[in-house]
Amino acid sequence: MKQVKIQIPSLVENIRVVESFIDNSKDTFHIDDDIYGNIMVAVTEAVNNAIRHGNKFDKDKNVLLSLQVEADRVRFEIEDEGAGFDYDNLLDPTAPENIENPGGRGIFLIRHLADEVEFNKDGRHVLLTFLLPGSEADGEAEERHSTINGAEAPAAH
């Protein structure tokens, strides 16, 4: 298993650092274009949430981002220094009463872009797993897909 870690202060402009980290990882570890877009959106959203909601833009608090590459999957861990949140009781952004809300879609997106999403430490730590195309585990992921607004998307876990 190969692993890379970075730590960034909780400033929104550091999302660019995260994007570069993902781009460099894509090249270094030969991450397939088929999952690159999902990784970019899900991981930057998770880091953005950690900066905004977890650490409340406190530049003295950091967000830790790590990447582990295995034969059949890549895993990103994002951890903030905030108070955490109740990830099991979030509003459904697709419910009619929430459609007009300007926010509240981040976790929904993350859950539908990653193959596996796991929250720990009261929501301060999230583990995003993306199965690599062509791996045996990828076939299992195909079975977990559901349709959202007429488009194929991984089912929420």
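Residues numbered from 1 in each chain as written. Predicted model: local features only at pLDDT ≥ 70, side-chain atom pairs only at ≥ 80, totals over all residues. Heavy atoms only, no water.

Quick word on the overall build of the protein chain
Phase 1: A tally of helices and strands in the protein chain yields 4 helices and 7 strands.
Phase 2: Its helices and strands taken in sequence order, the protein chain reads β-α-α-β-β-α-β-β-α-β-β from the N to the C terminus.
Phase 3: Evaluated residue by residue, the protein chain yields a buried proportion of 43% over its 157 residues.
Phase 4: Taking all contacts inside the protein chain whose residues are at least 6 apart in sequence as the whole, residues at least 24 apart take part in 62%. (Helix = DSSP H or I, 4+ residues; strand = E, 2+ residues; numbered from the N terminus. Buried < 20%, exposed > 50% of the residue type's maximum accessible area, 1.4 Å probe, protein only. Contact = heavy atoms within 4.5 Å.)

Topic: the layout of surface pockets
Phase 1: By volume, the largest pocket is sized at about 670 Å³.
Phase 2: Every residue lining the largest pocket is counted, 36 residues in all, and those nearest its centre are Asn49, His53, Phe85, Leu90 and Ile107.
Phase 3: Counting only elements with at least two residues in the lining of the largest pocket, the list comes to helix H2 (33-54), helix H3 (106-113) and strand S5 (125-131).
Phase 4: In terms of residue count, H2 provides more of the lining of the largest pocket than any other element does, 8 residues in total.
Phase 5: A breakdown of the residues in the lining of the largest pocket according to their chemical character gives 14 nonpolar, 14 polar and 8 charged. (1 Å grid on protein atoms, 1.4 Å probe; cavity = no way out; pocket = protein on both sides within 12 Å on 5 of 7 lines; lining within 4 Å. Points joined across faces, edges and corners; volume = space filled by probe spheres on them. Nonpolar A, V, L, I, M, F, W, Y, C, P; charged D, E, K, R; others polar.)

Considerations on the nonpolar core
Phase 1: Counting 33 residues, the largest nonpolar core has Val43, Val74, Phe76, Ile78, Leu128 and Phe130 as the members making the most contacts within it.
Phase 2: For this core, the secondary-structure elements that each account for two or more residues are helix H1 (15-29), H2, strand S2 (62-69), strand S3 (73-79), H3, strand S4 (116-120) and S5.
Phase 3: Sorting elements by how many residues they give to this core places H2 first, with 9 residues.
Phase 4: Each residue touching Val43, except ones within four places of it in the same chain, is listed here: Val18, Ile22, Leu65, Phe76, Leu128 and Phe130. (Core = buried A, V, L, I, M, F, W, Y, C linked by side-chain atoms within 4.5 Å.)

Digging into the pattern of salt bridges
Phase 1: Scanning the model with the defined rule gives 6 salt bridges in all.
Phase 2: A salt bridge links Glu116 to Arg73; the nearest nitrogen and oxygen atoms lie 3.6 Å apart. With a gap of 43 residues between them, Glu116 in strand S4 and Arg73 in strand S3 connect regions that are remote in the sequence.
Phase 3: Linking Asp122 and Arg124 is a salt bridge whose minimum nitrogen-to-oxygen distance equals 3.8 Å.
Phase 4: Among the ionic contacts, a cluster of salt bridges with common partners joins Asp72, Arg73 and Glu116. (Salt bridge = Lys/Arg side-chain N within 4 Å of Asp/Glu carboxyl O.)

Geometric values such as these leave the question of function open.
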